[in-house]
Structures are given as structure tokens and as C-alpha cells.
Amino acid sequence: MPKLDGVSALRIIKKINPDVRVIIFSGNSSYHEMQDALDFGASVCLAKPFQIRDLKLCLTALMSEE
């Protein structure tokens, strides 16, 4: 994103609705950045490139939590 990184966007999203589930797709998938996203409330972090089957598994797991 040109003006905002994913963790910053996540913080704003969670302020608006703390219950929303967020999946972060990271092109810069360092452990620390992904851990930061989880610490700030991301439900899942997937590193790019990712497999569609991995996304499907995440979505299935999130849907089963409802």
C-alpha cells in the first residue's frame, strides 16, 4: 500500500471494529512483522506468494469459529 503499511491499516480497522477478522497478506514476511500483525489482532498472516489451498484452509478455519 502506498501510504500505509498493513499493520497500521490493521490498527485503524480494529479501532473501528475490534471484532472484525482480518487476514494479512504480506510481501515482506519477516517473522517480526508477521508477529506484530498477530499481536495487533490479525486472525491470520499469509506470506506472499501463498497457495490458494492455504487461503482456503484459513477461511474454513475462520468460518468454523463463528
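Nothing here was measured: the structure is a model prediction, and the numbers come from that model.

Trainee: I'd like a description of the layout of surface pockets, backed by residues and values.
Mentor: Computed from the structure, the largest pocket encloses a volume of approximately 310 Å³. In this structure, the largest pocket is lined by 17 residues; those nearest its centre are Asp5, Gly6, Val7, Ile24 and Phe25. Within the residue set of the lining of the largest pocket, elements represented by two or more residues are α1 (6-16), β1 (23-26) and α2 (31-39). Here the lining of the largest pocket gets 5 residues from one element, more than from any other, and that element is α1. Its residues assigned to classes, the lining of the largest pocket shows 10 nonpolar, 4 polar and 3 charged.

Trainee: Explain the nonpolar core to me, and be specific about the residues and the numbers.
Mentor: If you look at the biggest cluster of nonpolar residues, it comprises 7 residues: Leu10, Val22, Ile24, Met34, Ala37, Ala42 and Cys45. Those residues in contact with Ala42, other than ones at most four positions away along the chain, are Leu10, Val22, Ile24 and Ala37. Among the nonpolar cores identified, the runner-up in size contains 6 residues, and Val44, Leu46, Leu55 and Cys58 belong to it.

Trainee: Before we move on, could you go through unusual backbone geometry and cite the residues and values that matter?
Mentor: That bond from Lys48 to Pro49 is cis: its omega, -10 degrees, falls within 30 degrees of zero. Looking at the element boundaries, Pro49 is found in the loop between β2 (44-47) and α3 (52-64).

Criteria and thresholds
Residues numbered from 1 in each chain as written. Predicted model: local features only at pLDDT ≥ 70, side-chain atom pairs only at ≥ 80, totals over all residues. Heavy atoms only, no water. 1 Å grid on protein atoms, 1.4 Å probe; cavity = no way out; pocket = protein on both sides within 12 Å on 5 of 7 lines; lining within 4 Å. Points joined across faces, edges and corners; volume = space filled by probe spheres on them. Helix = DSSP H or I, 4+ residues; strand = E, 2+ residues; numbered from the N terminus. Nonpolar A, V, L, I, M, F, W, Y, C, P; charged D, E, K, R; others polar. Core = buried A, V, L, I, M, F, W, Y, C linked by side-chain atoms within 4.5 Å. Buried < 20%, exposed > 50% of the residue type's maximum accessible area, 1.4 Å probe, protein only. Contact = heavy atoms within 4.5 Å.

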